[in-house]
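What follows is the residue order along each chain.
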Amino acid sequence: MRSPRRFRRGALVALSAGVLLAVVGCESAVDRTTKGTTGTAEAEDVLLQPLGEPGPGPFTESTARPVPSPSVTRSPQEGDGSATRTVHRVSGALPGLYGGVRSEAACDVEQQARLLTADQDRARAFAEVAGVEAVQVPGYLRSLTPVVLRADTQVTNHGFSAGSTTAFQAVLQAGTAVLVDSRGLPRVRCTGGNPLDRPVAAKGKVTHRGERWPGYDPARILAIDPGVQPLTALVIVDADDNTWIERAVGDDGGRDRAPADPPPFEPSEDLLFPSPARPSDPVPPPSTPSAPAPAEPEETECPDPSATGGPAEPPPGCPPPMEPEPDPGTETPDDFGEAPSDEPWGWEEEPGVVPEPTQVFPGEPDDFGGPDEPMYADADVPEPFAG
């Protein structure tokens, strides 16, 4: 397990790379609520899929287990459809990206394997999308981790019809039960057994089809990128008590535990989307005008010492009168009889090596969101999503 400092830096990198790399869709989104839509391979046609609906062309019956819906903070524009479509790219390794219930699997993986292998055509079609052989489907499913989405997420979904698969773009509602791989990518939608893949960016106008659910916001959609390295565990949020869970990859929840090195932020914090812009720094107060330079003292006219009748106290600013030179016939007293000075001895130190000033390194950031720095130690920094 990584040290807290490494975890914090990686998390912030992941929070700076995943959460802050938001890409406003270059297309103008159009939301429609027509029913009866079917899958299509066109990236400009996106189907909204509520968590309880099987959708077009399900591979199997639902194997999702009921779990509480995640409580993720919504923006003030939720559900009004007026916001600009925005797809935010995040790493699949980001802590808190997924949720679940401690010691409970979001999907019945064994039932999913039985349902798929019972139909050779469906198993073959599923294996083709997953990139495995049909006989490897049960093992492939057992290598995945059952969790639930904590935010609306766009994926490439696949339906099964007439012995073949059809790819289409879909936005899965937060709370949807999915199986994710070791890099944090959703691979199976448990409500229908459909294989999933990364979303495809649209090049033109996007049309959202299907019924919008409460809280749907086209400006708050995630696109999940794979982590740069395979994970051994996912850090998810417990939907029951809003605490951290460390779930081993490929485990159904039986080995769930609290992470030994938890993330440096609370599970309740909404870090999946960029925070509002911070107010500009306060304007510094005007500098105090400098005090006027002191006026130069007026010149004082000093008397000629030769004109005076003897030593006298000179006016302020005038040099003292010079002592007359001794007569050559008199002795000059020695300096040994002078009284000791009240000033301490001025010791002169021998030259030596002057120590360099202490180096001060900048501290690490307190939160995720440097906009220029990536969010998790083992997460890659994807190119901006042009959705």
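Residues numbered from 1 in each chain as written. Predicted model: local features only at pLDDT ≥ 70, side-chain atom pairs only at ≥ 80, totals over all residues. Heavy atoms only, no water.

S.K.: Got a sec to walk through helix α2 (residues 109-117)? Specific residues and values, please.
M.R.: Buried within α2 are the following residues: V109, Q112, A113 and L116. Down the axis of α2, the smallest arc covering the buried residues is 100°, so these residues share one side. Against α3 (120-130), α4 (137-142) and β9 (177-180) lie the buried residues of α2. The backbone nitrogen of E110 has a side-chain oxygen 3.4 Å away, supplied by the residue at the start of α2, namely D108. (Buried < 20%, exposed > 50% of the residue type's maximum accessible area, 1.4 Å probe, protein only. Helix = DSSP H or I, 4+ residues; strand = E, 2+ residues; numbered from the N terminus. Arc of directions from axis to C-beta. Contact = heavy atoms within 4.5 Å. Polar contact = N/O pair within 3.5 Å; in protein donor to acceptor, adjacent residues only side chain to side chain.)

S.K.: Give me the lowdown on the environment of Y216, citing residues and values where you can.
M.R.: You can see Y216 is positioned in the loop between β12 (206-209) and β13 (221-225). For the pair Y216 and A151, spaced 65 residues apart in the sequence, the C-alpha separation amounts to 9.6 Å. Reaching out from Y216, the side chain makes a polar contact with the side chain of H208 at a distance of 2.4 Å.

S.K.: Explain unusual backbone geometry to me, and be specific about the residues and the numbers.
M.R.: Within the chain, S103 stands out as a residue other than glycine whose phi angle is a positive 65°. In this fold, S103 is placed in the loop between β5 (98-100) and α2. Phi at A162 is positive, roughly 55°, even though this residue is not glycine. Here A162 shows up in the loop between β7 (153-161) and β8 (164-172). Classification of A162 by relative accessible area gives exposed; the value is 81%.

S.K.: Give a description of the pattern of salt bridges that names residues and reports values.
M.R.: Throughout the structure, instances matching the rule amount to 14 salt bridges. Here E110 and R142 are joined by a salt bridge, their closest N and O atoms 2.9 Å apart. Placement of E110 in helix α2 and of R142 in helix α4 is noted, with a sequence separation of 32 residues between them. On the accessibility criterion, E110 (37% relative accessible area) is partly exposed. Its salt-bridge partner being D121, residue R124 comes within 3.1 Å of it at the nearest N-O pair. (Salt bridge = Lys/Arg side-chain N within 4 Å of Asp/Glu carboxyl O.)

S.K.: Give me the pairing of strand β6 (residues 145-149): which residues, what numbers.
M.R.: In terms of burial, β6 is a largely internal element, five of the five residues being buried. Of the pairings in the sheet, the one linking β5 to β6 comprises two bridges and is antiparallel in character. In the sheet register, G99 faces β6, and the bridge partner there is V148. Of the pairings in the sheet, the one linking β6 to β9 comprises four bridges and is antiparallel in character. From the neighbouring strand, P146 faces β9, where its bridge partner is L179. (Pairing = 2+ DSSP bridges.)

S.K.: Run through the pairing of strand β14 (residues 233-238), naming residues and quoting values.
M.R.: Here β14 lies mainly inside the structure; five of its six residues are buried. The pairing of β14 with strand β15 (residues 244-248) spans five bridges and is antiparallel. Residue V237 lies in a different strand from β15, and its bridge partner there is W244. Between β14 and β15, which pair antiparallel one after the other, the connecting turn spans five residues, and N242 there sits at a positive phi close to 60°.

S.K.: Kindly report on the state of the cysteines, identifying the contributing residues and their values.
M.R.: According to the stated counting rule, one finds one disulfide in the structure shown. Residue C107 pairs covalently with C190 via a disulfide, S to S 1.8 Å. With the S-S dihedral at roughly 90°, the linkage between C107 and C190 falls on the right-handed side. Of this pair, C107 sits in the loop between β5 and α2 while C190 sits in the loop between β10 (186-189) and β11 (194-197), and the two are 83 residues apart along the sequence. (Disulfide = S-S within 2.5 Å.)

Keep in mind these numbers describe shape, not what the thing actually does.
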